[in-house]
Amino acid sequence: MANLALRNLVKTYGQTEVLHSISLDVEDGEFVVFVGPSGCGKSTTLRLIAGLEEVSSGAIMIGDREVNNLEPKERDIAMVFQNYAIYPHMTVKKNIAFGLRSSKASKVDKEARIQEVAGILDMVELLDRKPSQLSGGQRQRVAIGRAMVRDPAVFLFDEPLSNLDAQLRTQMRLEIKKLHQRVGNTIVFVTHDQVEAMTMADRIVVMKDGHIQQVGTPEEVYHSPANSFVARFIGAPSMNLLPAELSAEGLTLAGKVLDAGRWAASPVGKVLLGVRPNDLYIDEIRPLFEGRVSLREPLGSETLIYVETEHGEVIARADGRMPPEVGATIGLGARTEDLHLFDAASGVSLS
């Protein structure tokens, strides 16, 4: 195992810069997830770490070695791809053993390692099968096993669950998390799915347009987003963001003046007021918003309600057993400590 460090990493294709001097430290044994929309640079970053792309400038450190000029096989990393990349003509055992092809270990030691990995992944009974005889989740475990058998310093996962159905994706998330707790290797995981990021990561790296927007624990990026992009991207459904104005008189929201509260010392001007759907509740006495329910989205124990207000559409969560009717006029309240404020121009959090 080893720590990983990115130092002012830049990647250009011709005249186009797609990664803009990003820096990050990943601790030994940490599970770090890169998340962001398509084209944000997360997979490019992973390919640079793996040695599949050439660094334009900056440095990549694995342990105490700079690996910029090392071949992928010399970096002590193992990568699990989105499409599994396992050999259809080989058995599960031979696919896993392929990860040891350059190892100088004895045949006995290699066999012992294969059996150990197969046991960890609950695949001992599958070793003689071909990939065509396996489910999608089992094939993904074969790909993970081929990476594990080498016992690399760093595991790299490039959207490995995106080809699985929803139920299997949930199951594999749990398996990968349990695997990390058991073996403790450093893992860098790339996904566009913020639910995967929230449920698996020790720390999340949120990216946009080749820049790192925020690095933090799942709790930090959810409860204390650094800017309005992170606030929108993390959380399902995303945070409600409504135009407001901060002045010496207070916080003005569509003509309603609220106490400036903890933002009293912030610069005055146009802002975005943010509140997450699960932090809103029905309040007919001192509502923050009032409006008409335009749509309901039942989710079982709870129902998402879409409320048309004078400030714009607001999404809230309601009890799934007694949600308000479509067409009903309701008030929505929130605790002051659950509100967020962002500068309207830069998007930077004022909280």
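Being a predicted model, the structure only gives us computed values, none of them experimental. (Residues numbered from 1 in each chain as written. Predicted model: local features only at pLDDT ≥ 70, side-chain atom pairs only at ≥ 80, totals over all residues. Heavy atoms only, no water.)

1. Focus: the side chain of Glu159
Positionally, Glu159 belongs in the loop between strand S7 (154–158) and helix H5 (166–183). Lys42 is the oppositely charged side chain nearest to the buried, salt-bridge-free Glu159, at an N-O distance of 4.3 Å. Looking at Glu159, its side chain comes within polar contact range of the side chain of His192, at 2.7 Å. If we ignore the near neighbours within four places in the chain, the residues touching Glu159 are Lys42, Ser43, Gln82, Val190, Thr191 and His192. (Helix = DSSP H or I, 4+ residues; strand = E, 2+ residues; numbered from the N terminus. Buried < 20%, exposed > 50% of the residue type's maximum accessible area, 1.4 Å probe, protein only. Lys, Arg positive; Asp, Glu negative; His and termini not counted. Salt bridge = Lys/Arg side-chain N within 4 Å of Asp/Glu carboxyl O. Polar contact = N/O pair within 3.5 Å; in protein donor to acceptor, adjacent residues only side chain to side chain. Contact = heavy atoms within 4.5 Å.)

2. Let's talk about the domain arrangement of the protein chain
Here the protein chain is partitioned into domain 1 (4–226) and domain 2 (237–343). Computed from C-alpha atoms alone, the centre-to-centre distance between domain 1 and domain 2 is 39 Å. Domain 1 puts 4 residues into the contact, and the matching count from domain 2 is 5 residues. Summing both partners gives a buried area of about 360 Å² for domain 1 against domain 2, and 52% of it is carried by carbon and sulfur. (Domains from an automatic or database assignment. Buried area = accessible area lost by both parts, 1.4 Å probe.)

3. Remarks on the sheet that holds strand S10 (residues 211–216)
Sheets are built from strands paired through backbone hydrogen bonds, the pairs being either parallel or antiparallel. Ordered by their spatial adjacency, 6 strands build an open sheet running S6-S7-S8-S3-S9-S10, and the pairing between neighbours is mixed. Each having just a single partner strand, strand S6 (77–80) and S10 make up the two edges of the open sheet. Ignoring strand direction, the axes of neighbouring strands in this sheet form an average angle of 20°. Its contacts with the sheet place helix H4 (residues 136–148) against S6 and S7, and it is angled at close to 175° to S6. (Pairing = 2+ DSSP bridges. Axes fitted to C-alpha atoms, helices over the stretch in contact; angles between N-to-C directions.)

4. Some words on the layout of surface pockets
By volume, the largest pocket amounts to about 480 Å³. Going through the elements one at a time, S6 and H4 are the ones with two or more residues in the lining of the largest pocket. Its residues placed into classes, the lining of the largest pocket shows 12 nonpolar, 2 polar and 4 charged. Taken as a whole, the second largest pocket encloses approximately 330 Å³ of empty space. Lining the second largest pocket are 16 residues; nearest its centre among them are Leu258, Arg286, Leu288, Ala334 and Thr336. Counted by class, the lining of the second largest pocket contains 8 nonpolar, 3 polar and 5 charged residues. (1 Å grid on protein atoms, 1.4 Å probe; cavity = no way out; pocket = protein on both sides within 12 Å on 5 of 7 lines; lining within 4 Å. Points joined across faces, edges and corners; volume = space filled by probe spheres on them. Nonpolar A, V, L, I, M, F, W, Y, C, P; charged D, E, K, R; others polar.)

5. Here we look at H4
The first and last C-alpha atoms of H4 sit 18 Å apart over 13 residues, in line with the 18 Å expected at 1.5 Å per residue. Burial of H4 is extensive: 11 of the 13 residues sit out of reach of the surface. Residues of H4 that are buried sit in contact with S6, helix H2 (92–97), helix H3 (107–120), S7 and H5. (Expected span 1.5 Å × (residues − 1).)

6. Comments concerning the pairing of strand S18 (residues 312–319)
On a regular strand, each side chain points to the face opposite its neighbour's, so the side chains alternate between the two faces of the sheet. Note that strand S17 (residues 302–309) and S18 share 8 bridges and pair antiparallel. What sits directly across from Tyr306, in S18, is Ile315. Connecting S17 to the next strand, S18, in antiparallel fashion are 2 residues.

7. Regarding the nonpolar core
Core analysis: the largest hydrophobic core is formed by 45 residues, its most contacted members being Ile144, Phe157, Ile176, Phe189 and Ile234. A total of 5 residues in this core trace back to one element, the largest contributor, which is H4. If sequence neighbours within four positions are ignored, Phe189 has contacts with Phe31, Val32, Val33, Phe34, Phe157, Pro160, Leu161, Ile176, Glu196 and Met200. With 28 residues, the next largest nonpolar core counts Leu9, Ile22, Ile77 and Met207 among its residues. (Core = buried A, V, L, I, M, F, W, Y, C linked by side-chain atoms within 4.5 Å.)

8. Some details on empty space enclosed by the protein
Under the definition given, this model contains 1 cavity of 30 Å³ or more. Reported here for the largest cavity is a volume of approximately 50 Å³. Lining of the largest cavity is provided by Ile144, Met148, Phe155, Phe157, Ile176, Leu179, His180, Val183, Asn185 and Ile187. Mapped by element, the contributors of at least two residues to the lining of the largest cavity are H4, S7 and H5.

9. Examining the side chain of Thr309
Assignment of secondary structure puts Thr309 in strand S17. Polar contacts involving the side chain of Thr309 include one to the main-chain amide nitrogen of His311, which spans 3.0 Å. Sequence-distant contacts of Thr309, defined by excluding residues within four places in its chain, comprise Phe289, Glu290, Gly291 and Val314.

10. Describing the packing of aromatic side chains
Evaluated as defined, the whole model comprises 5 aromatic pairs. Relative to Phe233, the ring of Phe229 has its centre 5.7 Å away and its plane inclined at 20°; by these criteria the two rings are stacked. Of the two residues, Phe229 and Phe233 are both situated in helix H8 (residues 228–233); the distance of 4 residues between them amounts to about one turn of the helix. For Phe229, a relative accessible area of 18% corresponds to the buried category. Its relative accessible area of 18% is what places Phe233 among the buried residues. By way of ring pairs, the aromatic residues Phe31, Phe155, Phe157 and Phe189 are connected into one cluster. The aromatic ring of Tyr222 is capped on one face by Arg276, whose charged end is 4.1 Å from the ring centroid. (Phe/Tyr/Trp six-rings, centres within 6.5 Å; stacked < 30°, edge-to-face > 60°. Lys NZ or Arg CZ within 6 Å of the ring centre and 35° of its normal.)

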